[in-house]
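# Topology and contacts: notes
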Amino acid sequence: MSFDGFVTRAVTNELQETLLTGKITKIYQPFETDLLLSIRAKRTNYQLYISTSANFSRIHLTNHRYPNPLQPPMFCMRMRKQIEGYIIKDIKQVDLDRIVHIELEGRDELGDFITKTLIIEIMGRHSNLILLDTNQNIIIDSLKHLPPSLNSYRTVLPGREYIPPPVQNKVNPLNADRETVLKKVDFNQGKIENQLVANFAGLSPIVSKEIVHRSGFVTKETLPETFLKVMKSFQNDIYKPEIVRSNREFFSVLSLTHIEGERISFESVSDMLDRFYFGKAERDRIKQQANDLEKRISNELKKNKRKLKKLEKTLQDSEKAEQYQLYGELLTAHMHELNRGQSEVVLENYYSPGEKVTIPLDPVKTPSENAQAYFQKYTKAKNAVSI
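This is a predicted model, so every value here is computed, not measured.

Right, let's talk about the packing of helix 4 (residues 192-199) against helix 5 (residues 205-214) for a bit. Where helix 4 meets helix 5, the closest approach of the two axes is 8 Å, and the angle between their N-to-C directions is 130 degrees. Between helix 4 and helix 5, the interaxial angle falls into the category oblique. Where helix 4 crosses over helix 5, the two elements pack in a sense that is right-handed. Where helix 4 abuts helix 5, its residues Ile192, Glu193, Leu196 and Val197 lie against Pro205, Ser208, Lys209, Ile211 and Val212.

What follows concerns the sheet that holds strand 10 (residues 242-245). Strand order in this open sheet of three strands is 11-10-12, and the pairing throughout is antiparallel. Two strands bound the open sheet, and with one partner strand each, they are strand 11 (249-252) and strand 12 (262-265). Taken pair by pair, the neighbouring strands of this sheet meet at an average axis angle of 20 degrees, ignoring direction. As defined by bridge partners, strand 10 adjoins strand 12 across four bridges and the pair is classed as antiparallel. Counterpart to Ile243 in the pairing with strand 12 is Ile264.

Another point: helix 6 (residues 222-235). Here helix 6 spans 20 Å end to end across 14 residues, near enough to the 20 Å set by a 1.5 Å rise per residue. Of all the residues in helix 6, the buried ones are Leu223, Pro224, Thr226, Phe227, Val230, Met231, Ser233 and Phe234. Buried residues along helix 6 sit in contact with helix 1 (5-19), helix 3 (178-184), helix 4 and helix 5. Phi for Asp237, located one or two positions after helix 6, is positive at around 55 degrees.

Each value, and the rule that gives it
- Residues numbered from 1 in each chain as written.
- Predicted model: local features only at pLDDT ≥ 70, side-chain atom pairs only at ≥ 80, totals over all residues.
- Heavy atoms only, no water.
- Axes fitted to C-alpha atoms, helices over the stretch in contact; angles between N-to-C directions.
- Helix = DSSP H or I, 4+ residues; strand = E, 2+ residues; numbered from the N terminus.
- Parallel < 35°, antiparallel > 145°, perpendicular 65-115°, else oblique.
- Left-handed = near helix turned anticlockwise from the far one by under 90°.
- Contact = heavy atoms within 4.5 Å.
- Pairing = 2+ DSSP bridges.
- Expected span 1.5 Å × (residues − 1).
- Buried < 20%, exposed > 50% of the residue type's maximum accessible area, 1.4 Å probe, protein only.

This is the structure we're talking about:
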């Protein structure tokens with residue numbers, strides 16, 4: 001599976017055909033990392049699902065129903081205020097990156113037309129959803145805030161200038177010719193699929209493997225020919241969305257002939273993505289919640305174990321409460337016989353005539369301070385027992 005640049009291109013193409021001139025009627029945030037836009041376009045209601053989940057970041061149309069929180073999150077409320085009722089003027093992909101810009105037009109509080117851009121950055125755990133004031137290039141808000149302390153390259157915070165993610169400086173394969181392919185691939189080095197991924201934008205390992213597989217015996221003749229043939233189909237927006245079930249599930253907008261298994265074809269890329277991600281994303285959320293709960297229980301257990309040790313020590317000390325009281329009283333009664341610097345003193349216990357008691361002392365403290373210290377230990381031990 002791989003939501004690569006060409007899947008992004010296919011989704012963008014589908015959204016252009018479906019949602020342009022549509023109106024955003026409702027906005028929901030079913031989960032912390034996801035946003036759901038209800039859009040009325042061409043007399044039809046659509047649901048656009050956007051996820052910035054670390055494992056399942058994506059954008060596509062969906063037919064599934066998602067839970068709507070009783071209390072909408074703050075980001076959802078802000079999006080409702082900012083873009084609900086806005087018209088979709090354009091949807092475009094940035095080069096072959098997994099970045100989609102949805103250009104919106106609406107009216108501000110004064111009734112004047114204003115344009116805003118909803119930017120979807122699909123980059124694994126760095127995925128984000130950013131709303132931009134188009135004219136000023138200023139961030140209105142984002143689903144994930146990125147302060148300077150976390151990223152030295154760019155800051156993603158309300159009121160800051162929007163800076164796109166770093167450019168990878170790869171070749172756009174849609175513009176490549178035979179000479180470009182030969183120049184970027186070292187046939188003596190091997191691992192051709194890895195070289196394709198490293199040098200050409202938008203290519204995922206699974207698409208690169210498919211190109212190498214279709215090339216058969218890879219030579220300087222077969223590889224460029226196959227590469228350009230695949231790119232030609234993408235240039236003409238010819239896609240074949242399918243899921244292949246092998247030892248695990250794979251999806252692509254290119255028929256994956258190098259993987260054996262059950263094949264499920266779809267009429268649209270959104271249908272494919274909706275089918276592929278729905279159950280997996282739900283299981284991932286449950287797994288994450290279970291991991292969070294397990295971690296929380298583990299932390300609470302460790303904390304309570306430490307607390308138990310402290311309580312057991314306090315209980316042991318509480319059994320010496322009467323001894324601490326006796327030490328304090330004896331030191332007070334014999335205060336005139338004591339001097340600072342003594343580490344211990346032997347005094348007669350007036351409660352048991354003839355009995356001698358050895359009392360440890362802190363040589364740094366005065367006799368009075370030593371006596372008060374024992375009285376404090378007595379009070380603490382006595383209170384511990386009562387608790």
